[in-house]
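Residue-level structure breakdown
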Amino acid sequence: MLDPGHGLPKDPGAVGAFGLTEAEVCWRIALGCRWILEQRGVEVVFSREEGETIPEGERSQRANQQEVDCLLSIHLNFSRDMQAEGSTCFYFSNGRWYSKAGKKAAHLIQDELIRGLALVDCRVHGMNYSILRKTRMTAVQVEPAFISNVKEERLLGSGSYIETISRAISQGVARFLEMEKQSII
């Protein structure tokens, strides 16, 4: 399941200096990932429809009800420091327990983003985000860039850059799914 963060028009998410919204970029990345993953034979569903705003808890419920194997929540990072840049991925951790599969998937996706886009590596982190905590499957939140960074916002406005991000994320997801499939056999 692809979970494009936020949702226009009600929830634009973070907004860059040139007016690019997190919601529109996340949707475009999710569309690119869906196309690439489906070309690889992966069945893909979305947590929401375009233009639909759904609370995070309901997104988690939809993933659990559909019994998907993996959930990828797509967001962008934001900082008051306009120089902050780079990519990061999150998996569930509450300080006492963490998702081993989520951590593995997050590292695979992060590796592909850093290698494929030459981004600053903001690393992989365990977090207690609702979307990661309330889902029963492997879940990762990916934040491939800072929309608050003028240089990265400009890149995020480019179709070819979105395609490159989508390819990197999809490659990481595909690697994870293949590893999971092999461990079952």
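Use the structure listed above.
What comes next is a walk through the structure. (Residues numbered from 1 in each chain as written. Predicted model: local features only at pLDDT ≥ 70, side-chain atom pairs only at ≥ 80, totals over all residues. Heavy atoms only, no water.)

**Let's talk about the nonpolar core**
Cut-off, in case you're wondering: We call a set of buried residues a nonpolar core when its members are Ala, Val, Leu, Ile, Met, Phe, Trp, Tyr or Cys and they connect through side-chain atoms within 4.5 Å of each other. Using a 1.4 Å probe on the protein chains alone, a residue whose accessible area is under 20% of its type maximum counts as buried, one over 50% counts as exposed, and one in between counts as partly exposed. Should any heavy atoms of two residues lie within 4.5 Å, those residues are considered in contact.
One finds L72, I109, L113, L156 and I169 to be the most contacted residues of the largest nonpolar core, which totals 38 residues. Once residues within four sequence positions are removed from consideration, L113 is found in contact with S87, C89, A118, L119, V142, P144, I165, A168 and I169. The next biggest cluster of nonpolar side chains, apart from the first, holds 10 residues, and it includes L71, F90, L132 and A139.

**Looking at the pattern of salt bridges**
Selection criterion: Throughout this description, the term salt bridge denotes a Lys or Arg side-chain nitrogen within 4 Å of a carboxyl oxygen of Asp or Glu. Here a strand is any run of E in DSSP of at least two residues, a helix any run of H or I of at least four, and the numbering for each starts at the N terminus.
Taken as a whole and judged by the stated rule, the model has eight salt bridges. Between R59 and D3 there is a salt bridge whose closest N-O contact spans 2.7 Å. Of the two residues, R59 is situated in helix 2 (residues 56–66) and D3 in strand 1 (residues 2–4); the sequence distance between them amounts to 56 residues. When the shortest N-O distance is used, the salt bridge between R167 and E163 registers 3.2 Å. Of this pair, R167 and E163 both sit in helix 6 (residues 159–184), four residues apart, which is roughly one turn of the helix. Among the residues examined, R167 registers a relative accessible area of 41% and is labelled partly exposed. The class of E163 is partly exposed, set by a relative accessible area of 41%.

**Topic: the side chain of T138**
Here T138 shows up in strand 5 (residues 138–143). T138 sits in the buried class, given a relative accessible area of 10%. The contacts of T138, once residues within four sequence positions are left out, are D69, C70, L71, A101, G102, A105 and F176.

**Examining the sheet that holds strand 2 (residues 70–74)**
Our working rule: Any two strands with at least two DSSP-identified bridges between them are counted as paired. Orientation is described by axes fitted as lines to C-alpha atoms, over the contacting stretch for helices, and by angles from 0 to 180 degrees between their N-to-C directions.
Strand order in the open sheet made by the five strands is 1-2-5-3-4, with mixed pairing throughout. At either margin of the open sheet sits one strand with a lone partner, and together these are strand 1 and strand 4 (121–127). Direction aside, neighbouring strands of the sheet carry axes that sit 20° apart on average. Strand direction decides the pairing type here: strand 3 (residues 87–92) and strand 4, joined by five bridges, are parallel. Considered in strand 4, the bridge of C89 is made with V124.

**Side note on the packing of aromatic side chains**
Note the threshold: Under the pairing criterion, centres of Phe, Tyr and Trp rings, with the six-membered ring standing for Trp, must be within 6.5 Å; the plane angle then separates stacked pairs below 30 degrees from edge-to-face pairs above 60, leaving the rest tilted. By definition, being over a ring means that NZ of Lys or CZ of Arg is both within 6 Å of the ring centre and within 35 degrees of the ring normal.
Using the criterion set out here, one finds four aromatic pairs in the structure. With a centroid separation of 5.2 Å and an interplanar angle of 70°, the aromatic rings of F90 and Y129 are classed as edge-to-face. Here the residue F90 occupies a position in strand 3, and Y129 occupies one in the loop between strand 4 and helix 4 (130–133), the gap between them amounting to 39 residues. In this structure F90 comes out as buried when scored by relative accessible area, which is 7%. We note K103 situated over the ring of Y98; from NZ or CZ to the ring centre the distance is 5.2 Å.

The values reported here are purely geometric and, on their own, carry no functional implication.
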